[in-house]
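Spelled out from the first residue to the last, the chains are:
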Amino acid sequence: MTTNYFDDLQPLTFDGLDRTAPMIIAGPCSAETREQVLETARGVAAVGVKIFRAGIWKPRTKPGGFEGIGLRGLLWLAEVKRDLGLLTAIEVATRDHVAAALDADIDILWVGARTAANPFAMQEIANALAGHHDVTVLVKNPVNPDLELWIGALQRIAGAGVKRLGAIHRGFSTYGKHLYRNEPQWYIPIELHRRIPQLPILCDPSHMGGRRELIAPISQQALDMGFAGLIIESHCNPDCALSDQNQQVTPEVLNLILNTLVFRQEKQTTENLNLLRQQIDKCDNDLLEVLSRRMRVSREIGQYKLEHNMQVVQNDRYADIMERRTGLATEMGIGAECMQSIMRAIHEESVRQQIEIVNGSTAL
Ligand code: PEP
Ligand code: MN
């Protein structure tokens, strides 16, 4: 059961933050120097950001890169909190990180994508959090597109008694070069939201896009889908950043991005929208009726194949169906990939039903 773990979650509200607006977290990928941290924090504060992020331990793919400034960074974050009044957020990956972060009064701890994929590390972090019920913890999706692993990571943190819990969607690793640094696969956070509606989910357009120009469109898409907030990398001098140069923007550019974003109302129901939704309901009913008719014919075919000792799956016919339907769908303005997955699912169910007929008869 997933629900029990998340029954007592509390909303992620902070004093001085508008609880109806999306939560915006911004700051550098890494804390590098005291000057860089303070200058960036002043910059993001000036454009209205209230939560400052900075990585002080950096999980790098290969050794030899900049692996973070370590404990020293906590002192700079304490200055940001004290002198600029910002809330602070850092990444934790071990029990020592958690202990140091709690000691330094960091407001939000996030768990990175590589750590979220490792149940041992997640349990170690959860154990270190036990008893600290007021801290806020955000868990990024694991690097691989595995919703159960993500939910498991969240369960371990909730199981430690953390009530202020959220998730961050930062996309999923794929092999090779693509438009996105990490593929969004939006259906995964959408399904997470369906399964745990009370869990706030933020989007990280910086690590998802991997490029400055993708931050605005990804952010808008996330807001349109009802994400609870954004975590965006911002650096006072991005071109000289020690990590993730290509995806960091200056506080000024961050301001432009935030100003172009349209924050839509969550629930807007008008009479016209209701009428259009009635049409959608009718289309869905028609689809279901056609599908059920198709399955009836398919079962008749199953019976015929059984009586004539024919194989259930006939590859040539399947390939032919896929090709023709995809071609037609494209002409009708439906994406080829979408049509292929619909036809795959329908065919799979047809085969399952025909096999049931065949097995039913052998069982008799
Ligand atoms: C980060 O936020 O700096 C980070 C390392 O991100 P991720 O875990 O998403 O790769
Ligand atoms: Mn980064």
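Residues numbered from 1 in each chain as written. Chains lettered and ligands numbered in written order. Predicted model: local features only at pLDDT ≥ 70, side-chain atom pairs only at ≥ 80, totals over all residues. Heavy atoms only, no water.

K.L.:
Hey, could you run me through the coordination of the manganese ion (ligand 2) in this one?
P.N.:
Ideal geometry at a metal centre gives angles of 109.5 degrees when four donors are arranged tetrahedrally and 90 or 180 degrees when six donors are arranged octahedrally. For the manganese ion (ligand 2), the protein coordination sphere consists of Cys29 (SG), His207 (NE2), Glu233 (OE) and Asp244 (OD), at 2.1 to 2.4 Å. Taken in sequence order, the residues that donate to the manganese ion (ligand 2) follow the motif C-x177-H-x25-E-x10-D. You can see His207 sitting in helix H9 (residues 205-209) and its partner Glu233 sitting in strand S8 (residues 229-233), a full 26 residues away along the chain. Side by side, His207 and Glu233 carry an identical accessibility label, which is buried. (Donors = N, O, S within 2.8 Å, 3.2 Å for Na, K, Ca; no water. Helix = DSSP H or I, 4+ residues; strand = E, 2+ residues; numbered from the N terminus. Buried < 20%, exposed > 50% of the residue type's maximum accessible area, 1.4 Å probe, protein only.)

K.L.:
Looking at this structure, how should I read the sheet that holds strand S6 (residues 164-169)?
P.N.:
For sheets, the rule is that strands pair by backbone hydrogen bonds, running either parallel or antiparallel. Spatially, the eight strands close up into a barrel ordered S1-S2-S3-S4-S5-S6-S7-S8, and their pairing is parallel. The mean angle between the axes of side-by-side strands here comes to 25°, regardless of whether they run parallel or antiparallel. (Pairing = 2+ DSSP bridges. Axes fitted to C-alpha atoms, helices over the stretch in contact; angles between N-to-C directions.)

K.L.:
Looking at this structure, I do not really get the side chain of Thr326. What am I missing?
P.N.:
If you trace the backbone, Thr326 turns up in helix H13 (residues 315-331). In this structure Thr326 touches Ala336, Met339 and Gln340, once residues within four positions along its chain are discounted. (Contact = heavy atoms within 4.5 Å.)

K.L.:
Explanation requested: the environment of Ile106 in the structure shown.
P.N.:
Inspection of the secondary structure assignment puts Ile106 in the loop between helix H4 (95-103) and strand S4 (108-111). A C-alpha to C-alpha distance of 6.2 Å links Ile106 and Ala89, two positions 17 residues apart in sequence.

K.L.:
Can you walk me through the environment of Pro200 in this structure?
P.N.:
Within the fold, Pro200 resides in the loop between helix H8 (187-195) and strand S7 (201-203). With 27 residues separating them in the primary sequence, Pro200 and Phe227 have C-alpha atoms 7.5 Å apart. Not counting the four nearest positions on each side in its chain, Pro200 is found in contact with Leu12, Leu165, Gly166, Ala167 and Ala228.

K.L.:
Can you walk me through a nonpolar patch on the surface in this structure?
P.N.:
On the surface, a cluster of nonpolar side chains totalling about 310 Å² of accessible area is made up of Leu328, Met332 and Ile334. Of note, Met332 is situated in the loop between H13 and helix H14 (336-363). Accessibility expressed as a relative area gives 64% for Met332, which makes it exposed. (Patch = residues over 30% accessible without salt bridge, like charges linked within 9 Å, V, L, I, M, F, W, Y side chains within 5 Å. Areas by Shrake-Rupley, 256 points an atom, 1.4 Å probe, with all protein chains shown as cover. Salt bridge = Lys/Arg side-chain N within 4 Å of Asp/Glu carboxyl O.)

K.L.:
Explanation requested: the packing of aromatic side chains in the structure shown.
P.N.:
A complete count under the given rule lists two aromatic pairs for this structure. Ring geometry for Tyr5 versus Phe6: centroids 6.4 Å apart, planes at 50°, classification tilted. For Tyr5, a relative accessible area of 40% puts it in the partly exposed group. Geometrically, the ring pair formed by Trp186 and Phe227 is edge-to-face, given 5.6 Å between the ring centres and 80° between the ring planes. You can see Trp186 sitting in the loop between S6 and H8 and its partner Phe227 sitting in the loop between helix H10 (212-224) and S8, a full 41 residues away along the chain. Sitting above the plane of the Phe14 ring, Arg164 keeps its charged end 4.6 Å from the centroid. (Phe/Tyr/Trp six-rings, centres within 6.5 Å; stacked < 30°, edge-to-face > 60°. Lys NZ or Arg CZ within 6 Å of the ring centre and 35° of its normal.)

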